[in-house]
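What follows is each chain in one-letter form.
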Amino acid sequence: MQHDEIEVLYRKYGALVHRRAVAILGDVHEGHDVVQEVFVNVLRAPDTFRQEASPVTYLYNAATNVCLRRLRDSRRRGALLERHVSKEEPRTDGLRAEDAVTLASVLRDVPEDLREIAVLYFVDEMSQDEIAERLGVARRTVGNRLEAFREAAQKAAGDSHERP
Amino acid sequence: MSGPDFLRRREALGEEHPSQLALDKLRLQEPGTDVIRAHVDGCAACQARLQAGDAKDVAYQASLFVGKEAHAVAKRAKAWPLPLRAAVGLAVAAGVALVMVPMLREPLQKEGVKGNSPGLTVYRHRQGRVEKVQDGEVLNAGDALRFEVSLPNDASVVVLGVDGAGAVTPYSPLAGVSPMRGAGRHLLPEAMQLDAVAGKERVLAFVCDKPLSVEQAKVALAQGGEKGPPERDGCVVMTRHYLKK
C-alpha cells in the first residue's frame, strides 16, 4: 500500500475507528492505541482491505476484534475502571462518555459469549434481528444473551452503589 | 428499568432505527445507503445520532492537530520560530506520521513548569488553524478545544466546562477518576467541540494532590455556585472565562 493511500484511508476512517474504540473501551488513550493497531493491520494486509465491498464494515469488525481482545487482556490483568454513573434523562444520540465507561467495566466482567452481542446491541445499536443474522444464531439466543448481560450490568451497578 | 443508564438509553432507542454501522456508511457515503438516508431525513432522533458522531469525529481530528502543534510550541519556545500556520501545515503533511507516532502520554518537558503553581493552557482548533486561547477571548460554535496543564508536583487533573445556562460538561477525563500525573507539562488526551449555545463559557481545571473524580469536581463546583468551587485542601482550581457566539 502506497504512502498516500494509507494517508487517505486514515484521514477518511481514523475518526470512525477512534470513536468506536472509545465507545467500547471507555478510554480515549486506548482509543488512540486501537486506531494505530487497526491501521497497522490494514498496512500488513492491504489486499484484504481493498477487496472489501464496504470499508466501513471491515473497519468496524477490525476495531471490534481489537477491542474485544483488549477487554480479554485487561480482565486477565484484573484491571477495572471506576464506575461513576450519571443520572440524567435517557437520550438517543449515541453512547455518552459516562455510559461508555460504565459499559466497558461491565464488558470486562461478563463471560466472553455475551461481550460481542452486547457491543453489537449497545454500542452499534443494531436490532436483535440484525445481530441474529450477523452472528448466524437464533433471535431467541440473542434475546437470552442480552437478558443475561442486562442482569450482569444491573448487578454491577448495584454492587457499585453499595460500595462505601 | 433500573441499572446503568446505557441500558435505559438503548431501550429508549428501540429496534426500528438504523444501527451506528448504517449511519457510518451513510456518513462516509458508501453505496446502497438510500434507504438509510430516507429514514434519517424523517427522523429527528437519527439526525441527533449523526450529529453526535460528527462532533466526536471533529474533536478527534482536532485533537491530532492540537497535539502536534503543542509539541511544536514547546520546541519553538527554545529555538524554532515557526509560524503557527506552518506548524499546522506540517501536521497536515505528516498525516501518516500522526497515525504511527505514539500519542502524547508523557510530560512534554519538565522544565516547562515555572514556579510552584500549576498552569493551564487552552488550545483552539478553528478551520485548520491551532492557536492558544487567552482568557476572555471570544470562541465560536464549532471550535475544538484541548487543554494542557503544567504541574509542579504529582497531581490529578479534572477539567470541566460550564456554559451560560450553568450546564456542566466534563472535558477531561470524560468520566471516572483522573489518574495521577507526574510533575511537568501534560497535554490532556481529550478534545471537545463547542456546541451552538451562545453565551458565557467557563473552563475550570481542578489540580489536586490526590486522585479526583469528575463527580467530586462537579460536587465541588455545585457547592460554590457562581463564585466558583470553594477552596479545598490539596486542590488548586484554575478558571478561564470566554464568550461563545
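Residues numbered from 1 in each chain as written. Chains lettered and ligands numbered in written order. Predicted model: local features only at pLDDT ≥ 70, side-chain atom pairs only at ≥ 80, totals over all residues. Heavy atoms only, no water.

Colleague: Quick rundown of the pattern of salt bridges? Include the residues and the values.
Modeller: Opposite charge on two side chains permits them to pair, given that their charged atoms come into close proximity. Taken as a whole, this structure holds 24 salt bridges over all chains when the rule is applied. Residue D54(B) is joined to R27(B) by a salt bridge in which the shortest nitrogen-to-oxygen separation is 2.7 Å. Linking D54(B) in helix 4 (residues 44-76) with R27(B) in helix 2 (residues 20-27), this pair joins segments that are 27 residues apart in sequence. Judged by relative accessible area, D54(B) falls into the partly exposed class, the value being 35%. E131(B) is paired through a salt bridge with R124(B); the nearest N and O atoms lie 2.6 Å apart. Since its relative accessible area comes to 5%, R124(B) is described here as buried. Taken together, the shared-partner salt bridges connect E30(A), E37(A), R69(A), R70(A), D73(A) and R108(A) into one network. (Salt bridge = Lys/Arg side-chain N within 4 Å of Asp/Glu carboxyl O. Helix = DSSP H or I, 4+ residues; strand = E, 2+ residues; numbered from the N terminus. Buried < 20%, exposed > 50% of the residue type's maximum accessible area, 1.4 Å probe, protein only.)

Colleague: Go over the nonpolar core, please, and point to the residues and values.
Modeller: V17(A), L59(A), F122(A) and F149(A) are the most contacted members of the largest nonpolar core, which has 53 residues in total. Per-element tally for this core: the top contributor is helix 1 (residues 3-25) of chain A, with 11 residues. When residues no more than four places from it in sequence are discounted, the contact partners of L59(A) are Y13(A), L16(A), V17(A), V38(A), V42(A) and F49(A). Among the nonpolar cores identified, the runner-up in size contains 20 residues, and V122(B), L139(B), V157(B) and M192(B) belong to it. (Core = buried A, V, L, I, M, F, W, Y, C linked by side-chain atoms within 4.5 Å. Contact = heavy atoms within 4.5 Å.)

Colleague: Break down the confidence of the model for chain B for me, citing the residues and quoting the values.
Modeller: All names here are of chain B. Taken over all residues, the pLDDT of chain B has a mean of 76, while the share at 70 or more is 75%. At the level of individual helices and strands, chain B shows its lowest average pLDDT in helix 6 (residues 95-100), which scores 30, and its highest in helix 2, which scores 95. Contacts for the low-pLDDT stretch residues 73-112, under 50 throughout, to residues beyond four places or in other chains number 72 contacts. (pLDDT = per-residue confidence, 0-100.)

Colleague: Now, about the state of the cysteines: what can you tell me, with residues and values included?
Modeller: All names here are of chain B. Taken as a whole, this structure holds 1 disulfide over all chains when the rule is applied. Disulfide partner of C208: C235, at an S-S distance of 2.1 Å. With the S-S bond torsion at 115°, the cross-link from C208 to C235 turns out right-handed. Residue C208 is located in strand 10 (residues 199-208), and its partner C235 is located in strand 12 (residues 235-244); the two are separated by 27 residues in the primary sequence. Residue C208 is classed as buried on the basis of its relative accessible area, which comes to 3%. (Disulfide = S-S within 2.5 Å.)

Colleague: Which residues make up the confidence of the model for chain A, and what values go with them?
Modeller: Residue and element names in this part refer to chain A. On average, residues of chain A score 80 in pLDDT, and 79% of them are at 70 or above. Across chain A, the secondary-structure element scoring lowest on mean pLDDT is helix 5 (residues 97-109), at 78, and the one scoring highest is helix 7 (residues 128-135), at 94. Contacts for the low-pLDDT stretch residues 79-93, under 50 throughout, to residues beyond four places or in other chains number 48 contacts.

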